[in-house]
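Remarks on the overall topology
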Amino acid sequence: MKIKYDLLKNDGKARYGMLHTNYGSYETPMFMPVGTLANVKTLTPEELKEMNSAVILSNTYHLWLRPGEDVVAHAGGLHKFMNWNGPILTDSGGFQVFSLAKNKKKDIVEEGVHFKSHLDGKDLFLTPELSIQIQNKLDSDIAMSFDECIPYPATYEYAKASTERTLRWAKRGKDVFNNENQSLFGIVQGGKYEDLRKFSAEETVKMDFDGYSIGGTSVGEDKDTMYKMIDYAIKYLPEDKPRYLMGVGEPLDLLEGVERGIDMFDCVLPTRIARHGNAFTRCGKINIKNAKYKEDFTPIEDNCDCYTCKNYTKAYVRHLIVSNESLGGRLLSIHNIRFLIKLMEEIRLAIKEDRFVSYKKDFIEKYTIKKTN
RNA sequence: GCGUGAUUGGUGAAGUGGUUAACACGGCGGAUUGUGGUUCCGUUAUGCAAGGGUUCGAUCCCCUUAUCGCGCC
């Protein structure tokens, strides 16, 4: 069965809805933790469930290299392989075009993309067809079209050519797509250019995907540019399909995205910064390694309902991080993911109660005054 | 007691008679947005055991003292 999206409520452009999948129905807007290598780094499925995590991400490029999509298929698909009985979205490898293809001009050709394996340096060639076929085998719930995540800044000429190619790739991927139980999302590119975003959105929608994502954001552009990229594209996306903003996960950006009509977000931020000792709090991000927490025997946040805050102190978590103990990154990952998921829970409630704008204002006010603390 | 070798920041240490005394670790702070990366970036000794001398100039040369090591009575 394909996924299905019900738009249940609007509050301005913000949307409250329900995403129906083969692994349950979940409210949107939602935040999706990233588990590139078939695991959300350091966390078990049980822990993710406890945090009320719905969809998790995995990555086509990475699983292709290791362990290989056939291994996953022989295991009975990604869900069984990783013991996750919730929905899974697989990224296509498009972001790796951005991060790993060193020489864009030479490595990105019409047929596909040349990579050097980050594992052994071996030459690899990934095409839209191959990406989709791998994802079909991985048997995720949502597959992504193979695109190029355009770097920032990019010239108009580059962005135009890349955007057009991404459209051709989307078509090619869709043509070979073959998995009844899987859905396929199209990706809007276009860089920072309004007409290209419009063009990309309209053309992608014409191909009729199960959902649409806005890509090419959070690649180094300033916030205003990012928000404009969303504005330029989102008005051309259909109301009855989910909209997914790729790679965005800073609390303030989630709010800005929701306000513009985004339903799904993913980001490595909560887990990555956790491993480096940072925690989201209502009063802004904190660095647990700071000396001032050495003897702070209070939780990261007093009113947080996460496992970490209910059981551990800043001083202890700090000690673990400073000592390079993996439990430190685990505890902070639990807190950070729960923080973002809780944020989305509150956002959904606010939308349902027609008070999203005031909720957003209150949150931002608190989040950005940390300096006085 | 005599002889001898050392003494550089929180630590391990490089180094030179002449502008700002390597590097590493540690400390302190920052970054991180579809995750190659226990990652990246700042910053951290106005001072080279103490005092005196030689010199235009000494952490580097000489003397004295202190501390530590080694050898011999």
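Starting from 1, residues in each chain are numbered consecutively following that chain's sequence as written. Here the convention is simple: chains get letters from A, ligands get numbers from 1, in the order in which they are written. Reporting in this predicted model follows two pLDDT cut-offs: at least 70 for local features of residues, and 80 or more for side-chain atom pairs to be given and counted; totals over whole chains, interfaces and linings ignore these cut-offs and use all residues. Side-chain numbers come from the whole structure's heavy atoms, not from hydrogens or water.

1. Description of the sheet that holds strand β10 (residues 183-188)
Stated formally: In this scheme, strands are said to pair when DSSP sees at least two bridges between them. Runs of H or I in DSSP of at least four residues are treated as helices and runs of E of at least two as strands, each being numbered from the N terminus. Every angle, taken between N-to-C directions, lies between 0 and 180 degrees, and every axis is a line fitted to C-alpha atoms, over only the stretch in contact when it is a helix. In this description, contact between two residues means that some pair of their heavy atoms is separated by no more than 4.5 Å.
Strand order in this open sheet of eight strands is β4-β13-β12-β11-β10-β9-β6-β5, and the pairing throughout is parallel. A strand with exactly one partner marks an edge of an open sheet, and here the two such strands are β4 (30-33) and β5 (56-59). When the angles between neighbouring strand axes are averaged without regard to direction, this sheet yields 30 degrees. Here three bridges tie strand β11 (residues 211-214) to strand β12 (residues 243-245), and the two strands are oriented parallel to one another. Looking at β12, one finds that Ser213 is bridged to Tyr244. Sheet strands touched by helix α9 (residues 194-206): β10 and β11. Its angle to β10, the strand with the most contacts, is close to 160 degrees. Sheet strands touched by helix α10 (residues 223-234): β10, β11 and β12. Its angle to β11, the strand with the most contacts, is close to 150 degrees.

2. Some details on the protein's contact with RNA strand B
Definition in use: Nearness here has a simple test: a residue counts as near a molecule or strand if at least one of its heavy atoms is within 4 Å of that partner. By the criterion applied in these results, polar contacts are pairs of N or O atoms within 3.5 Å in which, for protein atoms, one can donate a hydrogen and the other can accept it, and in which residues neighboring in sequence qualify only through two side-chain atoms.
Taken together, 43 residues are adjacent to RNA strand B, and Cys149, Ser218, Gly247, Val268 and Asn278 come closest. Those atoms of RNA strand B that come within 4 Å of the protein belong to sugar or phosphate at a rate of 52%. A distance of 3.0 Å separates a sugar or linking oxygen of RNA strand B from a polar atom in the side chain of Asp91. Contacts to RNA strand B include Gly249, whose backbone N or O atom sits 3.1 Å from a base oxygen. Sorting the residues of the surface near RNA strand B by element identifies β5, α5 (94-100), β13 (264-267) and α12 (269-275) as the ones contributing at least two each. No other element matches the five residues that α12 contributes to the surface near RNA strand B.

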